[in-house]
Amino acid sequence: MGRRAAEKIADISMLSPAVLLVVVFCVIPLGLAIYLSFTDWNGFDEANMVGWANYKRIGSDRDVHRAAIFTGLIAIFGTLGLNVFGLGTAMLLNRNTRVNRFMRFLAFSPFVLGAVVLGFLWNAILGPRGAINTLLKTWGYGSIPFLSQSTPAKISVICVIIWASYGFHAVLYLAGLQTIDQSLIEAAVVDGANRWQIFRRVKLPVLAPTITVNLTLAMIGMLKVYEWVLTITKGGPGGRTQTIAYEILSVAFDNSWLGYGCAQGVVLMVILVVLSVAIQIARRKSEEDVAA
Amino acid sequence: MKRSGVLGKLGHLAGVVALSLIMLVPLYLLVINSFKSDAEIRLSAFALPGDFTFDYIVGAATDPKFNMLKAYAVTLFLVVVVNILSILVTGPAAYAIARGRGMAYRAIMLLLLGALFIPGQVTLIPLIYVLRTLGLMHTLPGLFLTSTGATIPTTVFLFSAYIKSIPRDLDESAKLDGAGRYRTFWQIIFPIMKPAVATAMVLNVVGIWVDFLGPRIILGPGSNVRTVTTGVYAYITKYDTDFSKVYPTMLLAVAPVLIFYVLLQKRIIGGLAAGAIKG
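Cut-offs and rules
Residues numbered from 1 in each chain as written. Chains lettered and ligands numbered in written order. Predicted model: local features only at pLDDT ≥ 70, side-chain atom pairs only at ≥ 80, totals over all residues. Heavy atoms only, no water. Patch = residues over 30% accessible without salt bridge, like charges linked within 9 Å, V, L, I, M, F, W, Y side chains within 5 Å. Areas by Shrake-Rupley, 256 points an atom, 1.4 Å probe, with all protein chains shown as cover. Salt bridge = Lys/Arg side-chain N within 4 Å of Asp/Glu carboxyl O. Buried < 20%, exposed > 50% of the residue type's maximum accessible area, 1.4 Å probe, protein only. 1 Å grid on protein atoms, 1.4 Å probe; cavity = no way out; pocket = protein on both sides within 12 Å on 5 of 7 lines; lining within 4 Å. Points joined across faces, edges and corners; volume = space filled by probe spheres on them. Helix = DSSP H or I, 4+ residues; strand = E, 2+ residues; numbered from the N terminus. Nonpolar A, V, L, I, M, F, W, Y, C, P; charged D, E, K, R; others polar. Domains from an automatic or database assignment. Buried area = accessible area lost by both parts, 1.4 Å probe. Polar contact = N/O pair within 3.5 Å; in protein donor to acceptor, adjacent residues only side chain to side chain.

### So, a nonpolar patch on the surface
Phase 1: A cluster of nonpolar residues, B:V6, B:L7, B:L10, B:L13, B:V17, B:L21 and B:V25, forms a patch on the protein surface that exposes about 630 Å² of accessible area.
Phase 2: With a relative accessible area of 52%, B:L21 lands in the exposed category.

Structure follows, in structure tokens:
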């Protein structure tokens, strides 16, 4: 046996454990999701084929529609908010000073502390008997229904999610800002450009690829929101803040409608892929302008 | 120029103050309310504690209804096992990919990285099906293997990028000395890639610490083996009416990872940006 063949075999044995784990725990489940979405699997018994029944049920399930609308709202306002505040924070903290480094540390901290505990913390702050409402009461004001009425609860959830994740996007934007050639900015200053013109004409075009990455990551993250809703509002009031992920993992799962949950997952996955591709296509022009 | 300089400084100051308030006030509430009674929290959540006592924190740490120390131990154990498995599995794979020439290696890299874009929310229910079939549902090995699988995409990316920056001459001379592929990797290459290993480990520690769905679903909601995150969830959903239990429990849940973050902030923030941008 030649040396090359021996190396090939070594390579295969080096690669196979990693490939096996990813295939068994990521790729096969994705394929199974499609299969199970056409069954009535409840988690225990045999799965029976039911054709398109689960998908038809999505079409007539008003709770799922409501969840889809709220998920869409989170995706739109969350993606916008995360990118506006992420880029804003990155511009604010771009210079590498001591204060700015500490601020980056603070902005990023929710990512490390985790959605479950921070969600409970915001529940304890915004809830009907939470920190803010008790303060308002001692000052003699009425309470604000942050979590107890539909629209305020939706706004609260979206705001907390933006609070928790803008730091992550700020870090990505900071990395993008570091790549800007300083001489470009100096040349613009010499030409008499003001701050806004430098931002609009010099920085923003160079950041185009970073913006694409941030839009895509934010959008994917927003479509998957689950733990925040679970801990801030438990989906309430009256199910008004349930998301698609909540429908899948709490409603379908708790009722043993696992086949139905899979069908919702497949629809979510399709939406995710379509939107990701759409962002890439929409952003292609901006990115080409940079290359040119 | 001068005027815009002053304005810029004022704007920066205003931004920094606003940002600090919005990030620090929730953390301030988390800390101070861990030292107060339920009545005191409901009376004035923002005020400093009247008399300073560790009773509530000790109470939360020793509550018989939720063994926080055991949850620490379970989470730590999970973190250690998954990190070791992840490095054992991903190291050689990343080496083979970084040194391999040809389409097959690129295809495998794409397969491993592609897994990053599959949302866990979609694959979780079918994952139960897979684990049932393998007899791993409701078992710790099931959780170890799924968690390890989840770390592979980012880790393989970080490792192979780093190995590519190591000159091939090192491999060649090891080969001339008669070392095989595995020995070359573990004895020559692996010791050089400490920075990449450290970054991957730090990211995996945070990822595993905050993971809720994995342990919750795989071990089962009724399981008495609980990580800090799933344990705190089960506890607070039950006792959320008593703030003198809620606040200290949350503080204990974030304290270890907060200390970890303070010590390793540069690596966490930097590693994450590198992983996300190029991936």
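Here the narrative resumes.
### Thoughts on empty space enclosed by the protein
Phase 1: As enumerated under the stated definition, the model contains three cavities of 30 Å³ or more in all.
Phase 2: Quantified by volume, the largest cavity comes out at close to 60 Å³.
Phase 3: A:L113, A:G114, A:A115, A:V116, A:V117, B:W209, B:V210, B:V228, B:T229, B:A253 and B:V254 are the residues that line the largest cavity.
Phase 4: Per element, the largest residue contribution to the lining of the largest cavity is three residues, and it comes from helix α5 (residues 115–126) of chain A.
Phase 5: For the lining of the largest cavity, the class distribution of residues is nine nonpolar, two polar and no charged.
Phase 6: Roughly 50 Å³ of volume is contained in the second largest cavity.
Phase 7: If you tally residues by element for the lining of the second largest cavity, the top one is helix α11 (residues 213–219) of chain B, at three residues.
Phase 8: When grouped by side-chain class, the residues that make up the lining of the second largest cavity number four nonpolar, two polar and two charged.

### Some thoughts on the domain arrangement of chain B
Residues and elements named next belong to chain B.
Phase 1: On domain assignment, one finds that chain B holds domain 1 (2–53) and domain 2 (60–278).
Phase 2: Look at where the C-alpha atoms of domain 1 and domain 2 centre, and you get two points 33 Å apart.
Phase 3: Interface area, domain 1 with domain 2, both sides summed: about 780 Å², of which 71% is carbon and sulfur.
Phase 4: One can count three residue pairs in polar contact (both at pLDDT 80 or more) joining domain 1 with domain 2.

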